[in-house]
Amino acid sequence: MTEPMTCALREMRWWDIDAVLELERDLFPEDAWSRGMFWSELAHARGPGANRRYVVAEAGSRIVGYAGLVATGEQADVQTIAVSRDLWGTGLGGRLLAELLRAATTFECAEVMLECRVDNVRAQKLYERFGFEPIGFRRGYYQPGNVDALVMRLTAPENSVQGTEING
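Here the structure is a predicted model, which is why all the values come from computation and not from measurement. (Residues numbered from 1 in each chain as written. Predicted model: local features only at pLDDT ≥ 70, side-chain atom pairs only at ≥ 80, totals over all residues. Heavy atoms only, no water.)

Chemist: Which residues make up the packing of helix α1 (residues 17–27) against helix α2 (residues 35–43), and what are the values?
Modeler: When two helices pack together, their arrangement is given by the angle between their axes and by how far apart the axes lie. Packing of α1 against α2 leaves a shortest axis separation of 10 Å and a crossing angle of 130°. When the axis of α1 is compared with that of α2, the two are oblique. Considering the relative orientation of α1 and α2, their crossing is right-handed. For the pair formed by α1 and α2, the contact residues are Ile17, Asp18, Val20, Leu21 and Glu24 on the first element and Arg35, Phe38, Trp39 and Leu42 on the second. (Axes fitted to C-alpha atoms, helices over the stretch in contact; angles between N-to-C directions. Helix = DSSP H or I, 4+ residues; strand = E, 2+ residues; numbered from the N terminus. Parallel < 35°, antiparallel > 145°, perpendicular 65-115°, else oblique. Left-handed = near helix turned anticlockwise from the far one by under 90°. Contact = heavy atoms within 4.5 Å.)

Chemist: Residue-level account of the UniProt feature "domain: N-acetyltransferase" (unreviewed entry) in the protein, with values.
Modeler: According to UniProt, the "domain: N-acetyltransferase" (unreviewed entry) feature falls on residues 7–157. Annotation note: span residues 7–157, helix share 29%, strand share 38%, distance between end C-alpha atoms 23 Å. (UniProt positions renumbered as here; feature names shortened; annotations may be inferred.)

Chemist: Go over the layout of surface pockets with me, naming the residues and quoting the values.
Modeler: The volume enclosed by the largest pocket comes to roughly 1200 Å³. Listed by contribution, the elements that provide at least two residues to the lining of the largest pocket are α1, β4 (75–83), α3 (92–106), β5 (111–117), α4 (121–129) and β6 (133–142). The element contributing the most residues to the lining of the largest pocket is β4, with seven residues. Considered class by class, the residues forming the lining of the largest pocket number 20 nonpolar, nine polar and ten charged. (1 Å grid on protein atoms, 1.4 Å probe; cavity = no way out; pocket = protein on both sides within 12 Å on 5 of 7 lines; lining within 4 Å. Points joined across faces, edges and corners; volume = space filled by probe spheres on them. Nonpolar A, V, L, I, M, F, W, Y, C, P; charged D, E, K, R; others polar.)

Spelled out as structure tokens, the structure:
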């Protein structure tokens, strides 16, 4: 593991979208989210009916990661997790995932689902460390590259984040 960098996690806000889009396009060039997709997600992340949690990781004034989750009833879905390439292996992805699992617990979700590119072994290993288990595939899920997604599920998300820190 690489030497950890001090990063602060905080709620993602509309003014973060440009920096998040830059990172998104670098990490996911074929299937990057659009500005409108992020705006739509953030519109449901605040207020009395909020059912989403989006966070960014900042190192100084630089956005170096982000993550988002949506909760519907007793199920939550990890929508996205991304970490700047220069911070891969530092544990930042785990911190972002732990924050999403805390949100799922706050939303009183009994399980958390996610899709992961079948060729993203690094992410799959992260999810497995938190207790996610593969349950199926979605053929051609990632477009336009027509890449399959591995579907993973975690039950009892509150048990996966006990004792983890988000600040540091």
